[in-house]
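# Analysis of the macromolecular model
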Amino acid sequence: MLIAGIDVGGTHTDGVLLRGKEVKAQVKVPTRPQLDEVLQEVWWRLLDESGAQPDQVARLTCSTTLVTNLVASGELEPVGLVLIPGGGLEPSLFYYGAAAVLEVRGMVDFRGRELLPVDEGEVREAARYLLRQGVRRVVVVGKFGPRYPEQERRVAAWLRQEAPELKVLCGSEVVGGLGFPRRAATAVLTAAVQAPVQRFFPQLQRGLSVESAAPALLLLRADGGTMPLAYALRRPVETAFSGPAASAMGALALLPPGSSCVVLDVGGTTTDLALLLEGQPLLCHRGARLGGRALQLVALALRSLPLGGDSWVRVEEGKMRVGPERRGPPYACGGPVPTVSDACQLLGLARIGDESLAWEAMEKVGVGLGGQDPRAAAQAVLDHVTQRLAAAVQEALEEWAQEPAYRLWQLRHRLPAPRRLVGVGAAARGLVPNVARRLGWEEVIPPLAPVANALGAALARVTLSRTYVLDTQQGRVSVLETGDQEQLRHGGDLLPPEAEELTLGFFRREAQALGIDPQGAKIVSAELFNVVRHWRRVGRIYQIEVRLPPGVLFAPELP
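Anyway, here's the lowdown on the structure attached to this text. Only a predicted model underlies this, so the values are computations on that prediction, with no experimental measurement involved.

### What about the environment of L60?
Of note, L60 is situated in strand β4 (residues 57-63). A relative accessible area of 0% places L60 in the buried class. In this structure the C-alpha to C-alpha distance between L60 and L2, which are 58 residues apart in sequence, comes to 9.1 Å.

### Digging into empty space enclosed by the protein
On inspection of all chains with the given rule, the structure shows two cavities of 30 Å³ or more. In this structure, the largest cavity occupies an estimated 80 Å³ of space. Lining the largest cavity, in full, are F110, R111, G112, R147, V469, D471, Q474, R476, V477, S478, Q485 and I541. Elements supplying a minimum of two residues to the lining of the largest cavity: β23 (464-471) and β24 (476-479). For the lining of the largest cavity, the class distribution of residues is four nonpolar, four polar and four charged. Roughly 30 Å³ of internal volume is contained in the second largest cavity. Contributing to the lining of the second largest cavity are V8, L39, C62, S63, T64, F200, L204 and L219.

### A look at the environment of G308
In this fold, G308 is placed in the loop between β18 (303-305) and β19 (313-316). Remark: the alpha-carbon pair of G308 and P496, spanning 188 residues in sequence, is separated by 50 Å. Apart from residues no more than four positions distant in its own chain, G308 is found in contact with G267, G268, T269, T270, T271 and V340.

### Comments concerning the sheet that holds strand β6 (residues 100-103)
In spatial order, the strands read β6-β5-β9-β10; together these four strands make up an open sheet with parallel pairing. Since the sheet does not close on itself, it has two edges, and those belong to β6 and β10 (167-170), each with one partner. With direction set aside, neighbouring strand axes in the sheet form an average angle of 20 degrees. Inspection of the sheet shows strand β5 (residues 79-84) paired to strand β9 (residues 137-142) by six bridges, in the parallel sense. If you follow V79 over to β9, its bridge partner there is R137. Along the sheet, helix α4 (residues 150-162) contacts β5, β9 and β10; its crossing angle with β9, the most-contacted strand, is approximately 155 degrees.

Definitions and cut-offs
Residues numbered from 1 in each chain as written. Predicted model: local features only at pLDDT ≥ 70, side-chain atom pairs only at ≥ 80, totals over all residues. Heavy atoms only, no water. Helix = DSSP H or I, 4+ residues; strand = E, 2+ residues; numbered from the N terminus. Buried < 20%, exposed > 50% of the residue type's maximum accessible area, 1.4 Å probe, protein only. 1 Å grid on protein atoms, 1.4 Å probe; cavity = no way out; pocket = protein on both sides within 12 Å on 5 of 7 lines; lining within 4 Å. Points joined across faces, edges and corners; volume = space filled by probe spheres on them. Nonpolar A, V, L, I, M, F, W, Y, C, P; charged D, E, K, R; others polar. Contact = heavy atoms within 4.5 Å. Pairing = 2+ DSSP bridges. Axes fitted to C-alpha atoms, helices over the stretch in contact; angles between N-to-C directions.

See the structure below:
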């Protein structure tokens, strides 16, 4: 079986193609604004270099920075948010990223029972207000929408009737879970990126397929797993952070099983950090944040720094500045300004471009540093970058220390950190050894490190997470992520072991229906609530989360 992976970075787009465990082709090309052309170039070069035909490739996985870039650039369509908050926390305390936020009366309780219906006249007035504000996309989110989506659907129907020009999305259709503010923010972001995603993803599919001989096209998601293109079109926010996630999965594929380490992915534009603990990437237990929004999004615990091999180096008022801007390729490769890679070239840490041009670039930097010679200027650049990257690793560890999984690892091993730094990415070989020495850690630069992200995309397994609510009094089981409900066919009270076994059965059935192998699925949390009436228990409510964790299909053969 042939599989392929393509990782779209800010500087380079990388690709790998594997036949079995053997890497048959690897490609690195500059990323250009015409992204569809770049992807096609990588795809066809992989086929040419491997001698493969398109119909021989079983699956192709891509990582994309589309959603992250849209947020970073501010190129988001304004979205209106209609909340059905019910009782409890004040909705105005939270940031949703919406252009206009309106609340309408209505209430659903935590068990999915409608306590207060929504007033149709109030909703129609909300539609007229949104039109006056110039908003054309609207999201409707109810506090317990996934447990009773009908109330959201009713509001959406009235909005469309009153203002047919509004494009209305129900929050329960695109994001599940009970974190109301996070779910609302995620639904707003989904609507804001919907139009560019619906333009780009089909282009991606057309560009990477050949009539009837198209491979299965998957996208990498924020948790390091893969998802089909059709799913990504419905829930595009889950593709955020897929680039940094690819580096974590690539390192996982290249390291021995059970490895614990910090992964430093040094690209041309940014450096991304991830943490592996005993062969598993660390997940954010509270979900990810993007553009100031707290999202209902399962994601790896990642950290990014706007510093890479192509970062612009200059001296301003006697002080060195490196990045965050990237003005083009290194000066040694014909770029317009000195870069970190030029310093590495001059110090013998990289082999790129024309060495005489790298010397000239560092000569320019040396002038600003009081007339230092080029080699001394290059060393000053390396020291500056090394210090910043080492500080970023320490800051990331402090942030990750709040994650329960990291705390458990520390207790078991009686260590504050793994003390092993694994470098991947185009500029890793020149920078990571110096960062490791500054930290006093062991360094590892695995084979295939320059294309580790594409390898991680190619080898990433499908992930799946589902939270089941079993209500023995109502005789109902519901899935928070999808809003699906069915009868709980089990008489009487359920004991905890019985509830967990039932839940694993539900998960296996759904996974198999989606074409996913459920092997390795684990219960990651289980809560029990007693339902009490007149001082006696009349039922139980279980909330049990099952997850198929991120991982790789297999370890590739290393050169």
